[in-house]
Amino acid sequence: MVSDGEAEVRKERRRALAISPIAKPLAGKKLCKRTLKVIRRASEMKQLKRGVKEVVKFVRRGKKGLCVIAGDISPIDVITHVPVLCEESDVPYIYVPSKEDLASASVTRRPTCCVLILTEPQKGEVKEEDKLKFKEDFDDVVKEVRSLTSSFY
């Protein structure tokens, strides 16, 4: 019989093998957890765009935010143009290990390739205190992502 600890290790090992080779910068456990938390809050506040098509549309329109891309996408050609587009538009981006985690954080049932967290809500009213808390968490994550990506260039 396999114990729970061994099963968890095997699951983590399988996840690590599924990550594509272009998934750089890849968020560590702590940054991944904070990023998924910000995604969940953005989804509740209607500040989240899901899927490659929507993300590309909003980045090309000049909307600012944070692009979060799943690292285990297959075929990889689906998302290879997104990081280039983000760099050209000066939108920070980060990879997270799993598309399932990304989907659960963005409150959808289907696995999601990438999401764009917008800085301002598209429509609707948001409480001021919620807005300030979100902005603070969002800025912390973006600052950490920028420091992580600055080491690549």
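Residues numbered from 1 in each chain as written. Predicted model: local features only at pLDDT ≥ 70, side-chain atom pairs only at ≥ 80, totals over all residues. Heavy atoms only, no water.

Under an unreviewed UniProt entry, the name given to the protein chain is H/ACA ribonucleoprotein complex subunit 2, and the source organism is Adiantum capillus-veneris. According to the UniProt record, the Sequence similarities (unreviewed entry) comment for the protein chain is "Belongs to the eukaryotic ribosomal protein eL8 family." Regarding the protein chain, the relevant UniProt record gives this comment under Subcellular location (unreviewed entry): "Nucleus, Nucleolus". (UniProt positions renumbered as here; feature names shortened; annotations may be inferred.)

**Points about helix α6 (residues 128–150)**
Look at α6: 32 Å from first C-alpha to last across 23 residues, which is about the 33 Å you get at 1.5 Å a residue. Considered for burial, the residues of α6 that qualify are F134, D137, F138, V141, V142, V145 and T149. (Helix = DSSP H or I, 4+ residues; strand = E, 2+ residues; numbered from the N terminus. Expected span 1.5 Å × (residues − 1). Buried < 20%, exposed > 50% of the residue type's maximum accessible area, 1.4 Å probe, protein only.)

**Here we look at the pairing of strand β3 (residues 93–96)**
Residues Y93 and Y95 of β3 are buried on one face, and the alternating residues I94 and V96, pointing to the opposite face, are buried as well. Of the strand pairs in this sheet, strand β2 (residues 65–70) and β3 are connected by 4 bridges, and their pairing is parallel. Within the sheet, the bridge partner assigned to V68 lies in β3 and is I94. In this fold, the crossover linking β2 to β3 by way of helix α4 (residues 81–88) has right-handed handedness. (Pairing = 2+ DSSP bridges. Right-handed = clockwise from strand over helix to strand, strands pointing away.)

**Section: α4**
Listed as buried for α4 are V82, P83, L85 and C86. An end-on view of α4 places all buried positions within 160° of arc, on one side of the element. D90 sits one or two positions beyond α4 and adopts a positive phi of about 60°. (Arc of directions from axis to C-beta.)

**Observations concerning the pairing of β2**
Across the 6 residues that make up β2, a large majority, 6, are buried. As paired strands, β2 and strand β4 (residues 114–118) are joined by 5 bridges and run antiparallel to one another. Across the sheet, V68 pairs through a bridge with V115, a residue of β4.

**Observations concerning the packing of aromatic side chains**
Inspection of the entire model under this criterion finds 2 aromatic pairs. A ring pair is formed by Y93 and Y95, whose centres lie 6.3 Å apart and whose planes are at 85°; its orientation type is edge-to-face. Taken individually, Y93 and Y95 each receive the classification buried, so the pair is uniform in this respect. Summarising the aromatic geometry, the rings of F134 and F138 are spaced 5.8 Å apart at their centres and angled 25° between planes, so their arrangement reads as stacked. Taken together, the positions of F134 and F138, both in helix α6 and 4 residues apart, correspond to about one turn of that helix. For F138, a relative accessible area of 4% puts it in the buried group. Over the ring of F58 we find R61, and its NZ or CZ is 5.6 Å from the ring centre. (Phe/Tyr/Trp six-rings, centres within 6.5 Å; stacked < 30°, edge-to-face > 60°. Lys NZ or Arg CZ within 6 Å of the ring centre and 35° of its normal.)

**Structural notes on the UniProt feature "domain: Ribosomal protein eL8/eL30/eS12/Gadd45" (unreviewed entry) in the protein chain**
Mapped onto the present numbering, the UniProt feature "domain: Ribosomal protein eL8/eL30/eS12/Gadd45" (unreviewed entry) falls at residues 36–122. Secondary structure within residues 36–122 divides into 38% helix and 21% strand; the distance between the first and last C-alpha atoms comes to 20 Å.

**Considering the sheet that holds β2**
Read across the open sheet, the 4 strands follow the order β1-β4-β2-β3; overall the sheet is mixed. Because the sheet does not close on itself, it has two edges, and the strands there are β1 (48–50) and β3. The average angle at which neighbouring strand axes cross in this sheet is 20°, direction not considered. Contacts from helix α3 (residues 52–60) reach β1, β2 and β4 within the one sheet, and its direction differs from that of β4 by about 40°. (Axes fitted to C-alpha atoms, helices over the stretch in contact; angles between N-to-C directions. Contact = heavy atoms within 4.5 Å.)

**What to know about the environment of F138**
C-alpha separation for the pair F138 and S98, spaced 40 residues apart in sequence, amounts to 20 Å. Excluding residues that lie within four positions of it along the chain, F138 makes contacts with V38, G65, L66, I117 and T119.

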